[in-house]
Amino acid sequence: MASLELQGLYRAFGPVVALAGIDLSLESGEFVSLLGPSGCGKTTALRLVAGFDRPDAGRIVVEGKDITNVSPSKRDMGMVFQAYSLFPNMTAEQNVEYGLKIRKQPKAERRKRVSELLELVGLSDAGKRYAHQLSGGMQQPVALARALAIEPRVLLLDEPLSALDAKVRVQLREEIRRIQLELGITTLYVTHDQEEALSISDRVAVLHDGRIDQIGTPPEMYGNPATPFVAEFIGTMNRLVSKVASDGVVDYEGRLLRVDAARGLPIGERVLLLVRPETVTIAPVGDGPASEGAFVAEVVSHIFLGSVTRVRVEAPDGGHGLTGDVPPAQAKSLAIGSRVTASFPPESARLLSLAEQPEPAAGDPDDH
Amino acid sequence: MRKPRIAPSAVVWLLIGGVYFMLPLLATFLFSIKDAQTGKCCSLSAYSFILHDPHFWKTIKLSFRLSLETIVVGLLLFVPTLYWVHLKLPRLRPVIGFLALVPFVVPPIILVVGLLQFFKHDVHAPFWFLGKPDFFLVGAYVILAFPYIYFSLDAGFRSIDVHTLTEASQSLGAGWPTTLGRVILPNIRVAALAGAFLTLAIVMGEFTIASLSAFDTFPTYIQYINETQAYPAAAVTLMSFGITWAAMLSLLLIGRRGGQRTVRVGIGR
C-alpha cells in the first residue's frame, strides 16, 4: 500500500489553475521531490497535502485513509517551511518539544526525545538558544527536528534550503537525506533547484503548469527526459530542432547527423534532438580527420565552471551551434575565435517527437 | 573608539525642550508645596489632604478598575480580530485602519452625547447598563482606546510571520486556541502591552465622558478639587501625572526586556 497518494488533485485560484489534476504515489520510506519553476503548482500541492488549503477536486490518501477534509492539526504530518518558522518565544529545545506537549506526552519522555532529535540534527549544544541566536543554517535543522518529533506519517519540506547560502545548502541537503534514510520516513520535498532534487531524491516529479510532466528516478530524468520542458528544466541541454532524414539519421539545418534514437522513426517527422554538453567533443580543426556529421564552427565563449569549462561554438554564418563541456586544461587549446570541430556520439543523443508540439526555441542550451 | 560628538545646536534645542517640559511641572510642584494657611513654602499639607481624602481613593480605585476592564475587553476583542484579519482577511486591514481613526476624529463630547441619546432615549437601555460605569463607561472607553490598541497590535502582528507561525503550530497538532495562546500572543506581547498601557493612560485621564454621564471617576475628582482647593489641586495634578509616567515607564522596561527576544520571523510571502 502506498504511504501517500495524491489522486487527481485540482486547485484553481479564480481563473488561474494551480494544479490541473495531479496523481502521485509515494511508497513507504520513499523520498520524492516535486521540482518545477515558480508558479508551477508545487507549493500548492504541498499545502494541500499539509491541509493548509483544500483541493477543488481530488483526494489525498495516507496509508489507505482519505484525509482530504481532515484539519492540518490532525493529519500527523511534519512540515519544514521555506521561511524560518521557529517560534521566537521558545528556545530550540522548547520548539522541538512543542508538538510533544500538544500530544500530552510525559515530561521525561519529551526531554529524552528532544535530546535525541537535537543530537540527530547535530545541534545538541544549541538547545537553550532562542531562534534569533541561531543562524539560518541552524534554524532549519531545528525546524526539521521539531517536525520529526511528532513521528509524522509523512514529512513535508517546502524549499527548506532556499534562504541559505550555497555551501550550507549542500551540507544541509545531505543531512536531510541522511536523516530521512536513518528514520525511513516517507518524504515529499518541494524545490525549484534541480541539482538539489536530483542529488537527494529516490524519485523526482517535474511539475509544469499544474501538471506532472514526468516522474522518475534522477538518472531517468536526467538521461531520458520525456518532454521538451523536462529536457529544458533538468540540467543543461543542446536542443536542435531537426527532421528525420533516413533510418538513424536526422537533418539539422541541412547537416546530416547520425542519431541511434532516430532508427525506425517515420521519415520527415519533426524531432527535437537533445544533446548533453558532457557528450559533446570539441577539438581544434586539423587534430585528425573530422568525424562524420561533425560541425565545423568557431569558439564564441568560455565559461569556467570549476571541474569543466563550458565552451560554446557556432557556425561562422551564425547558424547552428553547440555547447560542450571540456576539461579546463583542454579548453586552453580552444581559444575564442579559433576554428574547431564539434561532434557527439550517435548513441548519446535523445529525440523527442515534435509532431504535436509547438515549435520550441532551439539552439541555445538551458543553464540551470 | 571616539565618543560621538553632540552638536551645540542640539544641546540648545534639548535645553529649550527640557525647559518647556519641566517649567510647568516645577511651577505646579512649587505651588503644591505651599502651606494652605499661610501660602508660604514649604508644606506637604496638600499631599496629605489628598492622601487622607477617602474620595481620592474611591475614585482612583474606580478609574484603575475601569482601565483594567477596558484593557481586558479591548484585548479580548481586538487580538483575535486582528489575528484573523492578518491571517485570513488581509484586504480588510485598510478598512479597520480607517475605522480606528474615527475615535481620533470624533471628539469625546460628540461620542458621549450620541451614546447617551442612543441608549437613554432610542433603545431605553436598562439601568444596570446605563447606571454602572463598568458597562456604559467601559463600552465607551473601548471605543476611545480602539486606535491605540489597534495600531499597537497591528505593528506587533506585522513584525511576525503570522501565516508561517500559525501553520507550523497547526502542523504540530495545535488547534486555534493553543496556537493563539502559546505561539501568537507571546510574540505580540510587547505590542499588546503597549496598547494596554496607552489605554490605562487614556482611561485614567478621561474626563468628558465620565462627567457628562454623571460618573465619579478620578479625572472628575481632579476637576472637583481644582474648583474647590487650590494647593491640593496642584498636588493631585502632579500625582496624576506621576501615575501616567509610571505606567509609561513600566511599558518601556517591559518592552526592553521583551525586545531582546523579539525577532522578525520568516521571509514573507
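What counts and how
- Residues numbered from 1 in each chain as written.
- Chains lettered and ligands numbered in written order.
- Predicted model: local features only at pLDDT ≥ 70, side-chain atom pairs only at ≥ 80, totals over all residues.
- Helix = DSSP H or I, 4+ residues; strand = E, 2+ residues; numbered from the N terminus.
- Buried ≥ 20, exposed ≤ 12 C-beta atoms within 10 Å, placed from the backbone.
- Contact = placed C-beta atoms within 7 Å.
- Axes fitted to C-alpha atoms, helices over the stretch in contact; angles between N-to-C directions.
- Parallel < 35°, antiparallel > 145°, perpendicular 65-115°, else oblique.
- Left-handed = near helix turned anticlockwise from the far one by under 90°.
- Nonpolar A, V, L, I, M, F, W, Y, C, P; charged D, E, K, R; others polar.
- Domains from an automatic or database assignment.
- Pairing = 2+ DSSP bridges.
- Core = buried A, V, L, I, M, F, W, Y, C linked by C-beta atoms within 7 Å.
- Expected span 1.5 Å × (residues − 1).

### Details of the overall build of chain A
In terms of helices and strands, chain A carries nine helices and 20 strands. On the principal axes, the C-alpha backbone points of chain A span a range of 75 × 45 × 35 Å. Expressed as a percentage of its 368 residues, the buried residues of chain A come to 45%. Taking as baseline every contact in chain A between residues at least 6 positions apart, the subset at least 24 positions apart corresponds to 67%.

### Brief notes about the overall build of chain B
A count of helices and strands for chain B gives 13 helices and zero strands. The principal-axis extent of the C-alpha atoms belonging to chain B is close to 75 × 70 × 30 Å. Counting all 269 residues of chain B, 32% fall into the buried class. Relative to all contacts within chain B whose residues are 6 or more apart in sequence, the contacts with residues 24 or more apart total 78%.

### Points about the packing of helix H3 (residues 54–88) of chain B against helix H10 (residues 189–205) of chain B
Residues and elements named next belong to chain B. Contact pair H3 / H10: the axes reach a minimum separation of 9 Å and the direction vectors enclose 140°. Judged by the angle between their axes, H3 and H10 are oblique. As H3 runs across H10, the sense of the crossing is right-handed. Counting all contacts with H3, which are made through Ser63, Leu66, Ser67, Thr70, Ile71, Gly74, Leu75 and Val79, the residues of H10 involved are Ala192, Ala196, Thr199, Leu200, Val203 and Met204. Along the lines of polarity and charge, the residues of the contact of H3 with H10 split into nine nonpolar, five polar and no charged.

### Considering the environment of A:Pro37
All names here are of chain A. Its place among the elements puts Pro37 in the loop between strand E3 (31–35) and helix H1 (42–50). Take Pro37: there are 14 C-beta atoms within 10 Å of it, and that puts it in the partly exposed class. Spatially, the C-alpha atom of Pro37 lies 9.2 Å from that of Asp209, the residues being 172 residues apart in sequence.

### Digging into the interface of chain A and chain B
Facing the 24 residues of chain A at the interface are 21 residues of chain B. Broken down by secondary-structure element, the contributors of at least two residues to the side of chain A that touches chain B are strand E6 (77–80) and helix H2 (92–102) of chain A. Among the residues forming the side of chain A that touches chain B, the class breakdown is 16 nonpolar, six polar and two charged.

### Structural notes on the domain arrangement of chain A
All names here are of chain A. For chain A, the assigned domains read domain 1 (4–230) and domain 2 (236–353). The gap between the C-alpha centroids of domain 1 and domain 2 is 40 Å. Contacts between domain 1 and domain 2 engage four residues on the former and four residues on the latter. For the side of domain 1 that touches domain 2, the class distribution of residues is two nonpolar, two polar and no charged.

### Re the sheet that holds strand E18 (residues 321–326) of chain A
Whether parallel or antiparallel, the strands of a sheet pair through hydrogen bonds between backbone atoms. Residue and element names in this part refer to chain A. Pairing within the open sheet is antiparallel, and its five strands lie in the order E15-E19-E16-E17-E18. A single partner strand is all that each edge strand has here, and the edge strands are strand E15 (281–284) and E18. Direction aside, the axes of adjacent strands within the sheet are offset by 40° on average. Both strand E16 (residues 295–304) and strand E17 (residues 309–314) contribute to a ladder of six bridges, which runs antiparallel.

### Topic: the nonpolar core
Formed by 147 residues in total, the largest nonpolar core has its most connected members in A:Val49, A:Val142, A:Leu156, A:Leu188, A:Val206, A:Leu273 and B:Leu153. The dominant element in this core, judged by the number of residues it contributes, is helix H7 (residues 136–158) of chain B, at 14 residues. Composition of this core by domain shows at least three residues from each of domain 1 (4–230) and domain 2 (236–353) of chain A. In this structure, A:Val49 is in contact with A:Leu6, A:Ile60, A:Met77, A:Leu156 and A:Leu188, ignoring residues within four places of it in sequence. Judged by nonpolar contacts, the second largest core, of twelve residues, contains B:Ile60, B:Tyr221, B:Ala233 and B:Val236.

### Here's the deal with the sheet that holds strand E5 (residues 65–66) of chain A
Residues and elements named next belong to chain A. Strand order in the open sheet formed by four strands is E2-E1-E4-E5, and the pairing between neighbours is antiparallel. Two strands in the sheet have a free side with no partner beyond their single neighbour: strand E2 (16–26) and E5. In the sheet, strand E1 (residues 4–13) pairs with E2 via eight bridges, with the strands oriented antiparallel. By the bridge assignment, Tyr10 is partnered in E2 with Ala20. Where H1 meets the sheet, it contacts E1, E2 and strand E4 (57–62), and its direction lies at approximately 115° from that of E1.

### A word on the pairing of E4(A)
Residue and element names in this part refer to chain A. One ladder, built from five bridges, connects E1 with E4; its direction is antiparallel. Considered in E4, the bridge of Glu5 is made with Val61. In this structure, E4 lies alongside E5, joined through two bridges in antiparallel fashion. Opposite Val62, over in E5, you have Lys65 as the bridge partner. Connecting E4 to the next strand, E5, in antiparallel fashion are two residues, including Glu63 with a positive phi near 45°.

### Examining the packing of helix H3 (residues 107–120) of chain A against helix H4 (residues 136–149) of chain A
Angle between the axes and distance between the axes: these two values describe a pair of packed helices. Residues and elements named next belong to chain A. In the contact formed by H3 and H4, the axes pass within 9 Å of each other and the chain directions differ by 135°. Between H3 and H4, the angle is such that the two are oblique. As H3 runs across H4, the sense of the crossing is right-handed. Where H3 approaches H4, its residues Arg113, Val114, Leu117, Leu118 and Leu120 are matched on the opposing element by Ala145, Leu148 and Ala149.

### So, H4(A)
All names here are of chain A. The first and last C-alpha atoms of H4 sit 20 Å apart over 14 residues, in line with the 20 Å expected at 1.5 Å per residue. When you tally the buried positions in H4, you get twelve out of 14 residues, the bulk of the element. If you check which residues of H4 are buried, you get Met138, Gln139, Gln140, Pro141, Val142, Ala143, Leu144, Ala145, Arg146, Ala147, Leu148 and Ala149. Those residues of H4 that are buried are in contact with E6, H2, H3, strand E7 (154–158) and helix H5 (166–183). Directly after H4, the chain includes Glu151, whose backbone phi takes a positive value near 50°.

### A word on unusual backbone geometry
Look at the link from B:Cys41 to B:Cys42: it is a cis peptide, with omega at -5°. Position of B:Cys42 relative to the elements: it lies in the loop between helix H1 (8–32) and helix H2 (45–51). The residue A:Lys104 is not glycine, and still its phi comes out positive at about 55°. Within the secondary structure layout, A:Lys104 lies in the loop between H2 and H3. Although it is not a glycine, B:Ala214 adopts a positive phi angle of roughly 60°. Counting through the fold element by element, B:Ala214 comes out in the loop between helix H11 (208–212) and helix H12 (218–228).

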